[in-house]
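A structural walkthrough
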Amino acid sequence: VSGRLDRIRELLEQHEADSILLTHPAEIRWAVGFSGSNGLLCVTRESAHLITDGRYTGQAAEEVRSAHVHIPGHDLVGYIAEKHLLGSSCRVLISSDDVTLADHAKLEEKLRGHTLVPTSGLVTRLRGVKDESEIEKIRAAQALTERVFDHILPLIGPGVTEQDLAAEIVYEHLKGGASAMAFDPIVASGRRSALPHARASTKPFASGDVVLIDMGCYLDAYASDMTRTVVIAEVEQGIRAAYEAVLEAQLRAIEFLRAGVSTRDVDRAARSVLAEHGLAEYFTHSLGHGVGLQVHEWPRLSEQVEVEIPAGAVVTIEPGVYLPERFGIRIEDLVIVREDGCVVITRTPKELLVL
Ligand code: ZN
Ligand code: ZN
């Protein structure tokens, strides 16, 4: 985490503020390495203070080097005021993305004498640029997910249910060292694959089914995320054509992506390929998202969002088409954005796999 507080202090300069109060566990973890779920981090121009509760005494002492650790044993915000941990700060940045209106009212009341300045996406954007140690962790999480994929493939066949497979996915991830799943695995077969966020059901797989599998885990705090779509036994012609179109769209987006490209344009690069195949109306979600300490992070790769993607961002590229009552196809890889292009982290093959 070295250097990260300096980057936060640059934000203070840019926003003419004296301090920032971080409330989101992932932001605090990013800033000082603390992995507890309850804490506040005050960063002023001169100092940094982590305030947490008694459950985390040992953990905070072990994990946090760059901030003073406080365990007040009572209301954390009150303690900040009492001990003047924000110093003589006039303007204190807070993130309106994470603080509820109720919490904001409480902060205003307890931190009287400071002016709270609501901001959006500040530390989120810093976190969007990954350093090499973070990229290594994302690679390791993704490698685990790919080992799990190899393990479950032979299990897919007539009679086995979506839930059987989802259970196996969770078990293998945890056994492989994951601390948690990044989200409930999506296993959707046959017509259910046309629901982009279908939960695994008791439906058994059948010959001719498309099976869409989307899964990811947290390993060493960092997330993985991958989708593959396979077919059981025989492939209907329409499915193969749609699969080839989605793959072409995915490859086009990967070819197009490099530092400085806008989120909107990379989404459009994929969308235009699907339009050439008459499938654009079935691509009903955005192209991808950042991945890091959270599985869904800034930046969102969407037609609705115009953001320049920085070098060092790790994002998913996951176009899909969903033909109602017929089938759905999605292909999702993780990529690292570099100055001159992007590097695909995911190694699982993408050619249509017929089991
Ligand atoms: Zn996914
Ligand atoms: Zn994703």
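The structure contained in this document is the topic of the report that follows. Residue indices begin from 1 for each chain and proceed along its sequence in written order. Labels follow written order: the first chain is A, the first ligand is 1, and so on. Confidence filtering applies because this is a predicted model: local features only for residues at pLDDT of at least 70, side-chain atom pairs given and counted only at 80 or more, and all residues used for totals across whole chains, interfaces and linings. In computing side-chain properties, one takes all heavy atoms of the structure into account and sets aside hydrogens as well as water.

Helical segments are the DSSP runs of H or I of at least four residues, strand segments are the runs of E of at least two, and each set is numbered from the N terminus. Counting its regular elements, the protein chain contains ten helices and 20 strands. By the compact-globule yardstick of 20 Å for 355 residues, the protein chain fits well, its C-alpha radius of gyration being 23 Å. Taking the principal axes of its C-alpha atoms as reference, the protein chain extends roughly 70 × 40 × 35 Å. Residues classed as buried in the protein chain amount to 55% of the 355 residues present. Under the convention used here, a 1.4 Å probe and the Shrake-Rupley method define accessible areas, while residue burial counts only the protein chains that appear. Roughly 15200 Å² of accessible area belongs to the protein chain as shown, and the carbon and sulfur atoms make up 50% of that amount. In this description the radius of gyration comes from C-alpha coordinates, and the expected globular size is given by 2.2 Å times residues to the power 0.38. Buried means the residue's accessible area, taken with a 1.4 Å probe over protein chains only, is under 20% of the maximum for its type, while exposed means over 50%, and partly exposed covers the values in between.

Okay, helix α8 (residues 162–175) next. Relative to the 20 Å expected for 14 residues at 1.5 Å per residue, α8 spans 20 Å between its end C-alpha atoms, a close match to the ideal helical length. Residues are treated as being in contact if the distance between any of their heavy atoms lies within 4.5 Å. Close packing links the buried residues of α8 with α7 (132–152), β7 (180–181), β8 (186–189), β9 (210–215) and β10 (217–219). Looking one or two residues past α8, G177 carries a phi angle of roughly 110 degrees, positive in sign. By this rule, a helix spans an expected 1.5 Å times one less than how many residues it contains.

When we look at a pair of aromatic rings, we describe it by the centre distance and by the angle of the planes. Only Phe, Tyr and Trp rings take part, Trp by its six-membered ring, and two of them pair if their centres are within 6.5 Å. Stacked means planes under 30 degrees apart, edge-to-face means over 60, and tilted covers everything else. Following the criterion strictly, the structure yields one aromatic pair and no others. Aromatic side chains F34 and Y56 sit 5.5 Å apart centroid to centroid with 90 degrees between the ring planes, which places their arrangement in the edge-to-face category. Of this pair, F34 sits in the loop between α2 (25–32) and β2 (39–44) while Y56 sits in the loop between β3 (48–52) and α3 (57–63), and the two are 22 residues apart along the sequence. The exposure class of F34 is buried, given its relative accessible area of 1%. R271 extends its terminal NZ or CZ atom over the ring of F283, reaching a point 4.0 Å from the ring centre. In this scheme, Lys NZ or Arg CZ marks a charge over a ring once it lies within 6 Å of the ring centre and within 35 degrees of the ring normal.

As a working rule, side chains carrying opposite charge can pair if their charged atoms are close by. Any Lys or Arg side-chain nitrogen located within 4 Å of an Asp or Glu carboxyl oxygen qualifies as a salt bridge. Evaluation of the coordinates by the stated rule reveals 25 salt bridges. With its nearest N and O atoms 3.2 Å apart, the salt bridge here joins R127 to E27. Separated by 100 residues along the polypeptide, R127 in helix α6 (residues 122–128) and E27 in helix α2 bring together distant segments of the chain. Judged by relative accessible area, which is 4%, E27 ranks as buried. Residues E318 and R330 are paired through a salt bridge, measuring 3.7 Å at the closest nitrogen-oxygen approach.

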